[in-house]
Amino acid sequence: MDWTLLFQLLVSGLIVGALYGVVAMCFVLVYKASQVVNFAQGEFMLIGAWACWWLLLKFQLPFFAAFLITLAFMMAFGLILQVVVLKPLIGEPVISVIMVTIGLSIFFQALMKWLFGVSAQPFPPIFAEPSINVLGLQVKTVYAMSTLISIGIMISFAWFFKFSRMGLAMRATAFNQQVAQSLGISVRQVFALSWGISAMVSALAGVVVGVVNGVSPALSFFGIKVFPAVILGGLDSIVGAVVGGLVIGVLENLAHYADSQLLRWGNLYEIAPFYVLILILMIRPYGLFGTRDIERV
Amino acid sequence: MDVKRMMAGAVLAGGALLSLATTVVVAQGISIGHLADFSGPTADVGGPYGQGVADAIAHINKHGGVAGRKLEHETVDYSYQVPRAISTYKNWSGRVVAIQGWGTADTEALVGFVTKDKIPYFSASYAATLTDPAGGSKADKATPYNFFYGPSYSDAARGLVQWAADDWKKKGGQGKPKYVHMGANHPYPNSPKAAAEEYARELGFEVLPPIQFALTPGDYTAQCLTLRQSGAQYAYLGNTAGSNISILKACQTVGVQVQFLGNVWGMDENAMKAAGSAANNVVYPVRTSAIWTDKAPGMALMREISKMSDPGGTAYRASHYLAAVCATLYMKEAMEWAAANGGVTGENIRKGMYARQNWTPKGTEGVCKPSTWTAQDHRSLLQLDLYRAEVKDAPDAPIAELVAKGTIQMRRIATIDLLRKKEWLGW
Amino acid sequence: MASTIALRPCGDFKTSYGSDQIVFPTRLSLGFCIFGIVALCFAPLVLGKYGLSLLVQIGYLGIAALGLNILVGFTGQISIGHAVFFGFGAFASAYFSNKLNVPVFFAIPLAGLATTAVGLVFGLPAARLKGLYLAIATLAAQFILQDFFARAGWFTGGVAGTAAKSFSIFGYDVAGDHQYFYVVLVYVVLMYLAATNLMRTRDGRALVAVRDHYLSAEMMGINLMKYRTMSFGLAAFYAGIGGALYAHYLGFVSVEGFDILFSIQFLAMVIIGGLGSIMGTLMGTTFMVLLPEVMGGLAKMLSGSAIDRMLSLSEGIVFLREMTIGAVIVLFLVFEPDGLAHRWRQIRAYWKLYPFSH
């Protein structure tokens with residue numbers, strides 16, 4: 001047993017898992033607030049990455065300026081999308097809403113390919129030091145930045161939902177729309193805001209992945225990888241999403257370790273999360289932290 | 001119920017579409033088909049290749065066509081979706097005499113059809129299973145109507161392995177060097193795996209278990225850590241450019257000391273620009289004898305053809321573009337032979353491909369490598385040039401500029417001549 | 001008085017169970033149906049290869065989409081993994097006819113049964129889940145089975161894919177699209193009639209009950225697990241038959257063709273056609289098959305024209321096609337969430353009641 005390799009894989013898993021956790025959080029946020037499953041989450045990441053890349057290249061802005069402008073843009077984008085496309089679908093069966101988000105993802109994928117081309121484009125170098133040493137493993141600086149930002153976002157989400165007025169309004173709407181409305185909460189605003197925040201945070205994750213791998217149309221596949229994390233944690237628990245992301249990140253790497261050292265099947269890195277997903281769904285269908293739908297028959 | 005009323009409506013709609021979608025074939029022209037991927041998952045390499053074919057055809061038509069007849073062609077972007085390729089083929093069969101195809105998906109799907117309908121299919125998929133026209137080898141099926149210009153994936157991999165063995169000796173390495181295949185579990189990267197690993201063993205390598213990484217960009221730190229821990233000296237990257245970029249960057253961060261060997265579609269100027277210094281030192285094969293910046297007699301024709309879609313003459317053309325032009329010109333010369341020997345039909349074009357040995361199309365000397373197709377062996381090219389990528393990190397700029405400044409350089413380091421072994425046919 | 005030539009009474013005056021269950025309420029609708037089938041029999045004489053290939057595609061995709069509609073529209077489940085069942089049917093049929101030397105005529109139904117078995121295996125755990133969780137479980141099944149196709153060389157031919165024999169009946173080799181079209185036509189008619197019949201039997205009504213209010217259904221004694229699993233099995237059966245027809249049409253089955261995008265296309269067919277409507281499935285399939293062709297035709301018409309130059313569309317035309325498909329799905333669901341079938345019923349009702357409004 002190669003302990004150094006295992007340990008390094010663990011560290012790497014946690015770091016990537018933090019990123020999965022961020023995207024999973026956005027997913028859960030939208031679901032919690034507006035009961036919509038957003039299959040276009042990957043495309044949000046893609047749009048954010050391309051927008052940031054374009055700002056950096058076209059206007060030669062410093063990174064943080066471009067980053068903040070991207071976040072603002074994505075917030076507006078999420079808001080507009082919700083108002084224009086998703087509001088008419090309130091009340092429709094789940095499958096229709098899923099289909100709409102799938103249609104949106106197809107639309108945006110093609111749009112991005114049209115606007116920015118199909119080849120992978122590198123981000124201009126952002127940090128002076130491309131990689132730093134974390135616990136003995138050379139890690140890209142941008143990952144370290146993303147871990148810090150992820151923790152920051154998790155803390156601010158936690159504060160937002162527990163103590164701020166809007167956060168409480170969102171939780172109330174998620175619990176029961178009609179009661180929330182009767183208490184004077186503007187459900188429309190809550191929906192729009194949740195989409196805006198989700199788009200914004202996805203863009204952040206997208207920029208990180210883009211800095212690491214270059215921006216390309218395939219970046220949106222990240223969105224599919226997030227599903228096991230979301231289910232593991234429970235579809236309506238933010239904490240669960242974070243935990244789920246971390247677990248999936250570590251799990252992927254551990255599976256790869258087992259695969260390369262012991263089993264030699266070759267594909268466990270990609271497939272293990274989905275096997276685990278099925279297992280979780282059979283044992284604990286509501287994930288680790290999700291709320292149980294209690295039915296009395 | 002009005003199920004069938006709707007079906008009748010569908011029939012009418014289908015008929016209307018038939019008239020919309022078919023191009024009018026002029027009796028004088030020669031009809032060929034062109035399948036390309038400009039917008040699908042392989043579009044980053046499919047774009048330059050498809051552009052090369054289209055430009056070459058336009059150039060041929062501008063200079064009198066084939067034996068005085070223009071090439072009537074239809075370029076269809078099928079986005080790497082097999083059903084679309086099949087329905088396009090159905091539309092074409094009975095009209096076209098040859099097809100310029102693209103990737104593994106459409107080539108494999110159409111093998112049976114083109115063999116039955118006797119339509120030569122020039123693919124950009126260089127799978128070794130397409131090289132056996134008579135059947136009976138390890139390829140398991142006879143493909144008499146499949147042609148491609150370039151070394152097959154397996155042969156290219158064997159060439160890289162051979163270079164790696166020589167490189168190990170030159171570096172004075174002690175003991176058995178270690179070789180590992182890295183790629184997705186997918187027809188394209190798997191195509192040369194078994195052949196390359198067997199040849200590596202033959203040459204004295206210790207072959208390590210393959211490392212898998214997906215065809216999509218992602219985080220491959222885990223694979224790089226495993227690679228580093230395994231101690232391999234030579235790693236073959238079997239995927240396309242998009243994911244190779246990811247793994248090169250990840251391995252650079254982790255600090256892996258390994259000689260990466262690329263494949264024909266896995267490393268090109270675009271990939272070098274996107275990966276930056278992570279792509280430095282990667283050794284990869286090139287199908288043509290020259291790249292865009294070289295001075296060779298054939299480059300004059302290439303630049304002329306490039307002007308068909310870039311009148312200003314400023315575009316930088318990747319190696320895929322040049323290979324595409326070569327493939328099209330080979331088809332053209334086979335058609336010319338057919339025109340002089342019984343008419344331009346699929347069967348005669350095939351015979352035309354066998355008519356010459358070691359030929360390069362007129363005007364492409366120094367670019368297209370001399371190739372030979374025979375009725376028993378469709379391995380046209382057994383010589384490959386190996387280049388080393390030399391890339392520095394630099395601010396973003398168009399590729400032409402980066403090449404001119406020397407930020408991206410491709411240095412030819414070896415020309416490998418492979419043996420035409422009978423037991424290597426078809427796999 | 002339930003079968004007058006063309007008039008329907010405005011109200012429900014049926015007096016027997018039999019009349020309540022008939023498939024064709026008026027002789028005219030039965031006549032249209034038969035006329036349509038007969039007209040299609042002449043299609044190979046009229047249409048060229050291209051049009052015929054489109055019809056064959058609509059045929060086998062329509063069968064698979066019908067299975068999905070039974071699952072999603074009639075039972076209220078969600079499946080985002082339908083493409084791998086389709087692919088399993090294709091591989092199974094090729095395997096049976098190649099390796100086990102079963103005549104293709106029997107290999108196709110056998111492949112359907114094999115796919116049913118696989119569908120039941122996935123249906124059992126899935127029957128316990130609802131809504132979102134089910135959707136994501138089927139998504140996982142999609143990836144797992146896709147991976148299985150890529151690895152199981154003995155079954156699927158792995159890397160190289162596998163060739164499928166052409167269809168033959170008792171030694172008579174069906175060669176060419178013209179003749180294969182009739183095979184597909186027979187299967188479409190059979191499968192659609194079977195589905196229509198299912199929906200008017202006890203089991204079909206049970207499925208609808210499970211969809212509409214599962215708690216009440218359970219209280220009435222309908223075994224939820226049994227019917228949900230059965231629904232998965234049925235959907236897999238239809239997908240398997242569709243896949244087998246696809247395999248013998250193409251003559252080649254490759255692992256690359258059954259990805260998540262294909263599953264999404266099936267969903268689009270069912271939703272655009274109308275959930276819970278059998279006729280709608282066929283309409284939705286026709287729509288999804290013809291949409292890229294129409295867009296391609298439009299693009300070709302526009303290329304080189306003034307609009308093309310103004311918007312510099314020529315490079316972007318291919319992306320425009322994809323964008324339109326996505327936009328059409330979205331717009332359809334926003335403006336006509338009940339699908340084409342509903343819209344068709346509205347149009348028919350308008351003409352039936354003209355000049356009255358109801």
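Keep in mind it's a predicted model, so treat the numbers as computed, not measured. (Residues numbered from 1 in each chain as written. Chains lettered and ligands numbered in written order. Predicted model: local features only at pLDDT ≥ 70, side-chain atom pairs only at ≥ 80, totals over all residues. Heavy atoms only, no water.)

Enquirer: Please provide a residue-by-residue account of the interface of chain B and chain A, values included.
Expert: If you look at the interface, chain B gives 31 residues, while chain A gives 35 residues. Across the chain B/chain A interface, buried area totals approximately 2,700 Å², and carbon plus sulfur atoms make up 57% of it. Scanning the region where chain B abuts chain A turns up 0 salt bridges. Listed by contribution, the elements that provide at least two residues to the side of chain B that touches chain A are helix H2 (43-62), strand E8 (211-212), helix H8 (221-230), helix H9 (241-254) and helix H10 (269-275) of chain B. For the side of chain B that touches chain A, the element with the highest residue contribution is H8(B), accounting for 7 residues. In the side of chain B that touches chain A, the residues fall into 13 nonpolar, 12 polar and 6 charged. (Contact = heavy atoms within 4.5 Å. Buried area = accessible area lost by both parts, 1.4 Å probe. Salt bridge = Lys/Arg side-chain N within 4 Å of Asp/Glu carboxyl O. Helix = DSSP H or I, 4+ residues; strand = E, 2+ residues; numbered from the N terminus. Nonpolar A, V, L, I, M, F, W, Y, C, P; charged D, E, K, R; others polar.)

Enquirer: Please provide a residue-by-residue account of the sheet that holds strand E2 (residues 71-77) of chain B, values included.
Expert: All names here are of chain B. Taken in spatial order, the 5 strands line up as E2-E1-E3-E4-E5 in an open sheet, and their pairing is parallel. Looking at which strands have only one partner, the edges of the open sheet turn out to be E2 and strand E5 (146-147). For strand E1 (residues 30-36) and E2, the ladder comprises 7 bridges, and the chain directions are parallel. For leucine 35, the partnering residue across the bridge sits in E2 and is valine 76. (Pairing = 2+ DSSP bridges.)

Enquirer: Please set out the confidence of the model for chain C residue by residue, giving values where relevant.
Expert: Confidence in the prediction of chain C, expressed as mean pLDDT, is 84, and 89% of residues score 70 or more. Predicted complex, confidence summary: ipTM 0.78, pTM 0.82. (pLDDT = per-residue confidence, 0-100.)

Enquirer: Tell me what's going on with helix H9 (residues 222-233) of chain A, and back it up with residues and numbers.
Expert: With 12 residues, H9(A) should reach 16 Å at 1.5 Å per residue; the first-to-last C-alpha distance of 17 Å fits that figure. Across the 12 residues of H9(A), 11 count as buried, placing the element largely inside the fold. Those residues of H9(A) that sit buried are A:Phe222, A:Gly223, A:Ile224, A:Val226, A:Phe227, A:Pro228, A:Ala229, A:Val230, A:Ile231, A:Leu232 and A:Gly233. Structurally, H9(A) contributes buried residues whose contacts are with helix H1 (3-34), helix H2 (41-59), helix H8 (187-213), helix H10 (238-263) and helix H11 (268-283) of chain A together with helix H7 (131-151) of chain C. Positioned one or two residues after H9(A), A:Gly234 has a phi angle of 100°, which is positive. (Expected span 1.5 Å × (residues − 1). Buried < 20%, exposed > 50% of the residue type's maximum accessible area, 1.4 Å probe, protein only.)

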